[in-house]
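One-letter residues, chain by chain:
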Amino acid sequence: MLPLQRPTDATPAAHDRVYRTLRGRIMQGELSPGQSLTLRGIGKEFGVSMTPARESVRRLAAEGALTMSSSGRISTPELSNERIEELAALRALIEVELASRALPRAHMALIERLQTINTAVAEAVAHRDAVSYIRTNLEFHRTLYLRAQAPAMLAMAETVWLQLGPTMRALYGKLRKTEPPQFHRLIIAALRAGDEPGLRLAVRSDVTQGLRMLAS
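The residue count restarts for each chain, going from 1 along the sequence in the order it is written. Only residues with pLDDT of 70 or above have their local features reported here, since the model is predicted, and side-chain atom pairs are shown and tallied only from 80 upward, although totals for entire chains, interfaces and linings are computed over all residues. To obtain the side-chain values, all non-hydrogen atoms of the structure were included, while hydrogens and water were left out.

S.K.: An account of the environment of A65 is needed here, citing residue identities and associated values.
M.R.: Strands here are runs of E lasting at least two residues and helices are runs of H or I lasting at least four, both read from the DSSP assignment and numbered beginning at the N terminus. Relative to the helices and strands, A65 resides in the loop between α3 (50-62) and β2 (67-68). Here's how the labels work: a residue is buried when its accessible area is under 20% of the maximum for its type, exposed when over 50%, partly exposed in between, all with a 1.4 Å probe on protein chains only. Accessibility expressed as a relative area gives 0% for A65, which makes it buried. Here the alpha-carbon distance between A65 and A126, two residues 61 residues apart in the chain, equals 28 Å. Whether two residues are in contact is decided by their heavy atoms: any pair within 4.5 Å suffices. Each residue touching A65, except ones within four places of it in the same chain, is listed here: I26, L60, T76, P77 and L162.

Okay, structure coming up:
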């Protein structure tokens, strides 16, 4: 039996694989602010030619996840304080609305799922694992927001998360967290009580407090 032929690295599948993997790494804080990348290095790691590597970088740059200088240097963004404040304000606007829309559909299974994820967040904090912390923290928020059934709004939130990924890594190191986010417990309590004002306040506080501390 002949082995299945793998698609060539010029196929959309190769480009999509590189793009999605790099996107996940950046969003989850695996790369630090200002960290340099090269097309050659990306191509070597993923076993692809320059074409899918270049297309993936261009796509990520368009989303604000990477920057490309006129000399061709590729790096993760180093955000100014003003940019951090802007993105924090966007998170407050978009995510508070998503949470509010999710509230009427917040059944007990969702609340239990959020509690389970928050346990994983606490474990990441206990092990001082920045990447796991950011990943599980975003999973907590995404799980809630999916109940809003507002895919365009969620896509906007994820674009903001993507731009903030390296900065969130830097923030985690600066704060030296030793306990899980207190506002997650307040979010879960507000969902359980059907308390929309309390939910909006808890989400707004959760998504902006740390970022604004970093920008101060």
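S.K.: If you had to explain the pattern of salt bridges to someone new, which residues and values would you point to?
M.R.: One speaks of a salt bridge when a side-chain nitrogen belonging to Lys or Arg is within 4 Å of a carboxyl oxygen belonging to Asp or Glu. As enumerated under the stated definition, the model contains 11 salt bridges in all. Between E45 and R25 there is a salt bridge, with the nearest N and O atoms lying 2.5 Å from each other. Of this pair, E45 sits in helix α2 (residues 39-46) while R25 sits in helix α1 (residues 12-27); the two residues are 20 residues apart in sequence, bridging distant segments of the chain. Residue R113 is joined to E139 by a salt bridge in which the shortest nitrogen-to-oxygen separation is 2.6 Å. Of the two residues, R113 is situated in helix α5 (residues 108-126) and E139 in helix α6 (residues 130-146); the sequence distance between them amounts to 26 residues. Taking the relative accessible area as the measure of exposure, R113 reaches 38% and is therefore partly exposed. One salt-bridge network, in which partners are shared between bridges, spans D16, R20 and R59.

S.K.: Tell me about empty space enclosed by the protein, residues and numbers included.
M.R.: A 1.4 Å probe that fits into a set of points on a 1 Å grid over the protein atoms alone but cannot get out defines a cavity; an open set with protein on both sides within 12 Å along at least five of seven lines defines a pocket, and lining residues are those with an atom within 4 Å of a point. Grid points are joined across faces, edges and corners, and a volume is the space filled by probe spheres set on the points. The tally for this structure, following the rule as stated, stands at one cavity of 30 Å³ or more. Roughly 60 Å³ of volume is contained in the largest cavity. If you go around the largest cavity, the residues you meet are M27, R91, I134, N137, L138, W161, L164, G165 and M168. Elements represented by at least two residues in the lining of the largest cavity include exactly α6 and α7 (151-175). With four residues, the single largest contributor to the lining of the largest cavity is α7. Partitioning the lining of the largest cavity into residue classes produces six nonpolar, two polar and one charged. All amino acids are sorted into three groups, where Ala, Val, Leu, Ile, Met, Phe, Trp, Tyr, Cys and Pro are nonpolar, Asp, Glu, Lys and Arg are charged, and the leftover types, Gly among them, are polar.

S.K.: Tell me about unusual backbone geometry, and name the residues and values.
M.R.: With a phi close to 50°, R128 is a non-glycine residue in the positive phi region. One non-glycine residue, Q149, lies in positive phi territory at about 55°. With respect to the helices and strands, Q149 occurs in the loop between α6 and α7. The class for Q149 is exposed, based on a relative accessible area of 54%.

S.K.: So what's going on with the nonpolar core? Which residues, and what values?
M.R.: Among the nonpolar cores identified, the biggest contains 63 residues, and L98, L144, Y145 and L191 are the most heavily contacted of them. Among the elements that make up this core, the one with the highest residue count is α7 (10 residues). Beyond its immediate sequence surroundings of up to four residues, L144 is in contact with A99, A102, L110, L114, I187 and L191. Throughout this description, the term nonpolar core refers to a set of buried Ala, Val, Leu, Ile, Met, Phe, Trp, Tyr and Cys residues connected via side-chain atoms within 4.5 Å.

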